[in-house]
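Per-entry structural report
Each chain, written out:
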Amino acid sequence: MKFVIFGNKFRKDIANYTMSIVYALRENDCRDITIEKDFAQYMSDSGFDTSFATKIIKEGDDFDADIAFSVGGDGTFIRSSAKIGKKEIPILGINAGRLGFLADVHGDDINAAVSEIVNGQYKIEDRTLLRLHTPDKAYTDFNYALNEIAVLKQDSSSMITIHSWVNGKFLNSYQADGLLVATSTGSTAYSLSVGGPIIVPQSNSLIITPVAPHSLNVRPLIIPDDWEIELQVESRNKHFLIALDGRNNVFENKTKLTIKKASFSVKSIKRENNDFFNTLRTKLMWGSDNRRYLI
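**Details of the overall build of the chain**
- Counting secondary structure elements, the chain contains 6 helices and 18 strands.
- For 295 residues, the compact-globule estimate of 2.2 N^0.38 gives 19 Å, and the chain sits close to it at 21 Å.
- Judged by the C-alpha coordinates and their principal axes, the chain covers about 60 × 55 × 35 Å.
- Going through the 295 residues of the chain one by one, you find that 49% of them count as buried.
- Contacts in the chain between residues at least 24 apart in sequence constitute 65% of all its contacts with a sequence separation of at least 6.
- When the accessible surface of the chain is split by element, carbon and sulfur atoms take 47% of a total near 14,600 Å².

In structure tokens:
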């Protein structure tokens, strides 16, 4: 089997977690490991020998693998999925961050998780990606998003108006700081922080969530993920921001945005005992009573 490892280069514990993966792979007689050049430099700067890597690639170089490891948090998982793109290489997220809805394997469980992967004892969840299209291909980066596509005002003074259509039918003109189109995966990310609902990953739904709407009776809307959404923005300063999983571009007023489900998906590896509801209870501290800590 071939493996590729992506990691967050700004946390000290990532190097230790990465070496735990390498040692676990070696114990299972797996030695074909690819890493990126800048990540190899990070490992070297952290005091580790990078000769374990059979291939070191530059940013943007082509590569292939059977399994990818993402070592960091959910943000690292999202960046890893963007680097994998249309290859649909299954990704296991090792959590060295905080929440960890995507990267949900704890560092202490690396050995067991690697052994399970080598022996085929895991599940794969297909996670919907959103694709952004503009008539002149104005978006200059990877035009897919795993969590959400966010349309946001560029300045801090005035709101924007976002005209929206679903499957060619007019939905609403939102006056707000912005509008999110989120996947089920993204329901626990930006959308949740602005009042959107939590949706289980297998629900095949999208959420249209306004950000600080001018009208209090405007609420998030859930639609099937195979429906097409069109947006057009009016802004006083003639520009607005569009962010795909946090990757920003500035667009001109009235640029037509078309958002639809991508033709490929992100393959997220889950351990066989993984339980989304347990993750919710743990990460969001449902049922916890912190009153005993109050003075």
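**A few points about helix H1 (residues 13-27)**
- The first and last C-alpha atoms of H1 sit 21 Å apart over 15 residues, in line with the 21 Å expected at 1.5 Å per residue.
- Those residues of H1 lying buried are Ile14, Ala15, Tyr17, Thr18, Met19, Ile21, Val22, Ala24 and Leu25.
- Where H1 is buried, its residues touch strand S1 (2-7), strand S2 (32-36), helix H2 (37-45), strand S4 (67-72), strand S5 (91-95) and helix H4 (110-118).
- Where H1 ends, the next residue or the one after it, Asp29, has phi of about 60°, a positive value.

**Topic: the pattern of salt bridges**
- Summed over all chains, the structure comprises 15 salt bridges.
- Where Lys260 meets Glu228, a salt bridge forms, and the shortest distance between an N and an O atom there is 3.7 Å. Here Glu228 lies in the loop between strand S14 (221-224) and strand S15 (229-234) and Lys260 lies in strand S18 (residues 257-271), a separation of 32 residues in the sequence.
- Using a relative accessible area of 28% as the deciding quantity, one classes Glu228 as partly exposed.

**Quick notes on the sheet that holds S14**
- Reading across from one edge, S14-S13-S12-S9-S16-S17 is the order of the 6 strands in this open sheet, with antiparallel pairing throughout. Of all the strands in the sheet, the pair left with one neighbour each is S14 and strand S17 (247-252). Each adjacent strand pair in this sheet contributes to an overall mean axis angle of 20°, direction not counted.
- Here strand S9 (residues 148-153) runs beside strand S12 (residues 178-183); their pairing, made up of 5 bridges, is antiparallel. Within S12, the residue paired with Ala150 across the bridge is Leu180.

**Points about empty space enclosed by the protein**
- Using the criterion set out here, one finds 4 cavities of 30 Å³ or more in the structure.
- Taken as a whole, the largest cavity spans an internal volume of roughly 70 Å³.
- Taken together, Phe101, Asp104, Glu125, Arg127, Pro201, Gln202, Lys270, Asn274, Phe276 and Thr279 make up the lining of the largest cavity.
- In terms of residue class, the lining of the second largest cavity is made up of 5 nonpolar, 4 polar and 1 charged.

**Some words on the packing of H1 against H2**
- Where H1 meets H2, the axes come as close as 9 Å, and the angle between the chain directions of the two elements is 105°. Between H1 and H2, the angle falls in the class roughly perpendicular. Between H1 and H2, the residues in contact are Ile14, Ala15, Thr18 and Met19 and Phe39, Tyr42 and Met43, respectively.
- For the contact of H1 with H2, the class distribution of residues is 6 nonpolar, 1 polar and no charged.

**Let's talk about the packing of aromatic side chains**
- Applying the stated criterion to the full structure yields 8 aromatic pairs.
- Centre to centre, the rings of Phe3 and Phe69 are 5.8 Å apart; their planes meet at 25°, and the pair counts as stacked. In this pair, Phe3 is assigned in strand S1 and Phe69 in strand S4, connecting sequence segments 66 residues apart. With respect to class, Phe3 is no different from Phe69; both count as buried.

**Focus on the nonpolar core**
- Residues Ile5 and Phe69 are the most contacted members of the largest nonpolar core, which totals 31 residues.
- Those elements giving two or more residues to this core turn out to be S1, H1, S2, H2, S4, S5 and H4.
- Counting residues per element, this core draws most heavily on H1, at 8 residues.
- Those residues in contact with Ile5, other than ones at most four positions away along the chain, are Thr18, Ile21, Val22, Ile33, Thr34, Ile35, Phe39, Phe69 and Val71.

What counts and what doesn't
Residues numbered from 1 in each chain as written. Predicted model: local features only at pLDDT ≥ 70, side-chain atom pairs only at ≥ 80, totals over all residues. Heavy atoms only, no water. Helix = DSSP H or I, 4+ residues; strand = E, 2+ residues; numbered from the N terminus. Rg over C-alpha atoms; globule rule 2.2 N^0.38 Å. Buried < 20%, exposed > 50% of the residue type's maximum accessible area, 1.4 Å probe, protein only. Contact = heavy atoms within 4.5 Å. Areas by Shrake-Rupley, 256 points an atom, 1.4 Å probe, with all protein chains shown as cover. Expected span 1.5 Å × (residues − 1). Salt bridge = Lys/Arg side-chain N within 4 Å of Asp/Glu carboxyl O. Pairing = 2+ DSSP bridges. Axes fitted to C-alpha atoms, helices over the stretch in contact; angles between N-to-C directions. 1 Å grid on protein atoms, 1.4 Å probe; cavity = no way out; pocket = protein on both sides within 12 Å on 5 of 7 lines; lining within 4 Å. Points joined across faces, edges and corners; volume = space filled by probe spheres on them. Nonpolar A, V, L, I, M, F, W, Y, C, P; charged D, E, K, R; others polar. Parallel < 35°, antiparallel > 145°, perpendicular 65-115°, else oblique. Phe/Tyr/Trp six-rings, centres within 6.5 Å; stacked < 30°, edge-to-face > 60°. Core = buried A, V, L, I, M, F, W, Y, C linked by side-chain atoms within 4.5 Å.

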